[in-house]
Amino acid sequence: MISNSPLNIIRGAENAENVLTRIDPLDLSSLPDSVVARTHQAFGDGVTPAESVVRMLADVKQEGDAAVRRYAKLLDGAELDDFRIPQAELDAASEQVSPELWQSLELAAKRIRSFHHSTLPGEWMDPSQGLGELVRPLARVGVYAPGGSAAYPSTVLMTVIPARVAGVGEIVLTTPRTGAQPLNPAVVAAAKIAGVDAMYQVGGVPAIGALAYGTESIPRVDKICGPGNIFVAYAKRLVQGAVDIDGVFGPTETIILADEGANADFCAADLIAQAEHDPLATAILVTDSEELIARVETQLESQLVAAPRGDVARQALERQGRVVLVDSLDEGVELVNRIAPEHLCLLLREPWSWVDRIRHAGGLFLGEYSPEVMGDYIAGPSHVMPTGGTARFGSALSVHHFLRTMPVVGLSPNDFKHLGPAAVQIANAEGLAGHAGAVQVRLDSLKAQVG
């Protein structure tokens, strides 16, 4: 094996139990000194980053537009008269996108819509039993889109389209205006293709506060979705309860489970694709083949040298990257289920035959031509997936996250007469005489009608 490989090799599943290092996505105590210094400069000495988030949310809740405008100037250097972006500016920005990119975004949108239409749940009613369930979409959803170098048009598609398919009445999007810089054309194009109703040029914590509480110009929403930096994530957690949120997501992570026949070029490319996100991204290879590990290491070195973001990928691989050598693929599957990664890629001879064995993963990618990258952009399911082991109980963003269900109870007199006595017994056991009385008065009425 190559001694200068960036990957750390672990032998045996027992030693790999904590192979995926859990990173708290809300750990504001480990921010760089430069960020802390900027916080002190903006809010005063002694104000911690966490306290600055609380202050901004409180100010937006109390002052509305005035606070949003003040913080846009303070944090982003933007002088904003109107928050809503005029349609003419949106049209001009989207026209800057190349025809090839526009067509690619359209194709992705088409597949995303098709997938989510297939997952829509249905209502049901059974008058014979007096029961049913209604399904209703949320009224208004807000999507946050980061600006600058962290602009992701794919995430706009992956968040807006499921909400649109679910039938959400209004979808608004906020994205920061940095100084007098133009908006990111690809983000604008994605918003237009996905069907956003309005875009607002505000970002960061003030945008989250505005969406959660509403201002004179920005409507209050029922749910906030979309990625952001640690301040945005912390703000989303704080406003949860006033609104719903899609989740608080940590650094992205992928596990590749591969056998000895896996293509080493593909394995290395997939590890680099995961690692190039940022230095905290996690890329793990689990295999029962030492020979595959040697081939992957060779390919990894040559591909890293040629990769435009090779320095970032190498940092992530050295910090979080792992290779786990297990005794068998069965052992590898059990390890993966315990880790519950965001993405699980099966580079196995017959990947479909393993599907029933996988219990915990945010998304499952089968075979050499279903890499996680295709899920990021164009496969169909949303790429917003649970991280940090939360795939044990969480699911990828879908239409279900934008729908509410309402149970319906419509009992007939006969059903009530049959079920009522049991309800009285349970109510009395709980010491709630009023509950029991509300049932008993009806039972007595029905008995009198018969008599």
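For the structure given in this document, a descriptive report is provided here. Worth saying up front: this structure is predicted, and the values here are computed from it rather than measured. (Residues numbered from 1 in each chain as written. Predicted model: local features only at pLDDT ≥ 70, side-chain atom pairs only at ≥ 80, totals over all residues. Heavy atoms only, no water.)

Let's talk about the overall build of the protein
The helix and strand inventory of the protein stands at 16 helices and 14 strands. Sorting the 451 residues of the protein into buried and exposed places 49% on the buried side. Of the contacts formed within the protein by residues at least 6 apart in sequence, a portion of 75% connects residues at least 24 apart. Looking at charge distribution, the protein has the averaged site of its 35 positive side-chain charges lying 7 Å from that of its 55 negative ones. (Helix = DSSP H or I, 4+ residues; strand = E, 2+ residues; numbered from the N terminus. Buried < 20%, exposed > 50% of the residue type's maximum accessible area, 1.4 Å probe, protein only. Contact = heavy atoms within 4.5 Å. Lys, Arg positive; Asp, Glu negative; His and termini not counted. Charge placed at Lys NZ, Arg CZ, Asp CG, Glu CD.)

Focus on the sheet that holds strand E3 (residues 131-137)
Strands pair in a sheet through their backbones, by hydrogen bonds, and they do so in one of two ways: parallel or antiparallel. Spatially, 3 strands are ordered E2-E3-E14 in an open sheet, and the strand pairing comes out antiparallel. Two strands in the sheet have a free side with no partner beyond their single neighbour: strand E2 (124-126) and strand E14 (403-409). Across the sheet, the mean angle separating the axes of adjacent strands is 25 degrees when strand polarity is ignored. As paired strands, E2 and E3 are joined by 3 bridges and run antiparallel to one another. Its bridge partner lying in E3, Met125 is registered against Gly132. (Pairing = 2+ DSSP bridges. Axes fitted to C-alpha atoms, helices over the stretch in contact; angles between N-to-C directions.)

Brief notes about the pattern of salt bridges
Counted by the stated rule, this structure contains 16 salt bridges. Between Arg136 and Glu123 there is a salt bridge whose closest N-O contact spans 2.5 Å. Here Glu123 lies in the loop between helix H5 (99-118) and E2 and Arg136 lies in strand E3, a separation of 13 residues in the sequence. You can call Arg136 partly exposed: its relative accessible area is 31%. Linked through salt bridges whose partners overlap, the residues forming this network are Asp59, Glu63 and Arg70. (Salt bridge = Lys/Arg side-chain N within 4 Å of Asp/Glu carboxyl O.)

What about the packing of aromatic side chains?
Going through the model one piece at a time under the given rule, you end up with 2 aromatic pairs. Pairing Phe43 with Tyr71 gives two aromatic rings, centres 6.0 Å apart and planes at 35 degrees, and the pair type is tilted. Of the two residues, Phe43 sits in helix H1 (residues 33-43) while Tyr71 sits in helix H3 (residues 65-76), which places them 28 residues apart along the sequence. One exposure class covers both Phe43 and Tyr71, and it is buried. For the pair Phe266 and Tyr369, a centre-to-centre distance of 5.8 Å together with 75 degrees between the ring planes defines the contact as edge-to-face. Of this pair, Phe266 sits in helix H10 (residues 264-275) while Tyr369 sits in the loop between strand E13 (363-366) and helix H14 (372-377), and the two are 103 residues apart along the sequence. One residue, Arg70, lies across the ring of Tyr71, its end atom 5.1 Å from the ring centre. The residue whose ring lies beneath Lys223 is Phe402, and the NZ or CZ to ring-centre distance is 5.7 Å. (Phe/Tyr/Trp six-rings, centres within 6.5 Å; stacked < 30°, edge-to-face > 60°. Lys NZ or Arg CZ within 6 Å of the ring centre and 35° of its normal.)

Thoughts on empty space enclosed by the protein
Applying the stated criterion across every chain, the model contains 1 cavity of 30 Å³ or more. Considered as a void within the structure, the largest cavity measures approximately 40 Å³ in volume. Taken together, Thr254, Asp270, Ala273, Cys345, Pro371, Glu372 and Val373 make up the full set of residues lining the largest cavity. When contributions to the lining of the largest cavity are tallied by element, the ones reaching two or more residues are H10 and H14. Looking at side-chain class alone, the lining of the largest cavity contains 4 nonpolar, 1 polar and 2 charged residues. (1 Å grid on protein atoms, 1.4 Å probe; cavity = no way out; pocket = protein on both sides within 12 Å on 5 of 7 lines; lining within 4 Å. Points joined across faces, edges and corners; volume = space filled by probe spheres on them. Nonpolar A, V, L, I, M, F, W, Y, C, P; charged D, E, K, R; others polar.)

Notes on the nonpolar core
If you look at the biggest cluster of nonpolar residues, it comprises 42 residues, and the most contacted ones within it are Val156, Leu157, Leu173, Met199 and Phe402. Every element with two or more residues in this core is listed here: helix H4 (87-94), H5, strand E4 (140-144), helix H6 (153-166), strand E5 (170-174) and helix H7 (185-194). With 8 residues, the single largest contributor to this core is H6. Residues in contact with Met199, not counting those within four places in the same chain, are Phe83, Arg84, Ile85, Leu90, Leu173, Thr175, Val188 and Ala191. (Core = buried A, V, L, I, M, F, W, Y, C linked by side-chain atoms within 4.5 Å.)

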